[in-house]
Amino acid sequence: MSFALYRCFDKDGTLIYVGMSINIRRRLSQHINKSGWFFDVSEIKISRYIDEEQCRAAEKHAIRTESPKYNIQRLAYTVSKSKAAR
């Protein structure tokens, strides 16, 4: 079994979403049905991991360092980081 870390980019090359999944086709179809932003996606890059923990760590790092537009985790991290700076 492998785990997929996927990055979704818009037509300008801006990263708009980072996620992970065991079944990438099913997860992307869920985005198609439930995420308004998915229709802005023009490119998806996928990295594979054999270990879930490594994939989760890579996802967390990507969200924190690459600031995808629509990741809720990014917004929570940004808010908690600004509160810590006070």
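Shown above is the structure to which this text applies.
Read on for an overview of the structure. Given the structure is predicted, the values throughout are model-derived calculations rather than measurements. (Residues numbered from 1 in each chain as written. Predicted model: local features only at pLDDT ≥ 70, side-chain atom pairs only at ≥ 80, totals over all residues. Heavy atoms only, no water.)

Attention shifts here to the packing of aromatic side chains. Describing an aromatic ring pair means giving the distance of the ring centres and the angle of the ring planes. Evaluation of the coordinates by the stated rule reveals 4 aromatic pairs. Ring plane angle 20° and centroid distance 4.6 Å describe the contact between Tyr17 and Trp37, whose orientation is recorded as stacked. Of this pair, Tyr17 sits in strand E2 (residues 15–21) while Trp37 sits in the loop between helix H1 (24–34) and strand E3 (41–49), placing them 20 residues apart in sequence. Trp37 carries the same exposure label as Tyr17, and that label is buried. On the accessibility criterion, Trp37 (10% relative accessible area) is buried. Chaining the aromatic ring pairs together yields one cluster made of Tyr6, Tyr17, Trp37, Phe38 and Tyr70. (Phe/Tyr/Trp six-rings, centres within 6.5 Å; stacked < 30°, edge-to-face > 60°. Helix = DSSP H or I, 4+ residues; strand = E, 2+ residues; numbered from the N terminus. Buried < 20%, exposed > 50% of the residue type's maximum accessible area, 1.4 Å probe, protein only.)

Attention shifts here to unusual backbone geometry. Positioned with a positive phi, Ser67 is a non-glycine residue whose angle comes to about 50°. Assignment of secondary structure puts Ser67 in the loop between helix H2 (52–66) and helix H3 (72–85). Ser67 sits in the partly exposed class, given a relative accessible area of 42%.

Here we take up H1. When H1 is considered as a whole, its buried residues turn out to be Ile24, Leu28 and His31. Angular distribution of buried residues about the axis of H1 spans 50°; they occupy a single face of the element. With respect to the buried face of H1, the exposed residues turned more than 90 degrees away are Arg25, Arg26, Asn33 and Lys34. Close packing links the buried residues of H1 with strand E1 (3–10), E2 and E3. (Arc of directions from axis to C-beta. Contact = heavy atoms within 4.5 Å.)

These figures capture arrangement, not role.
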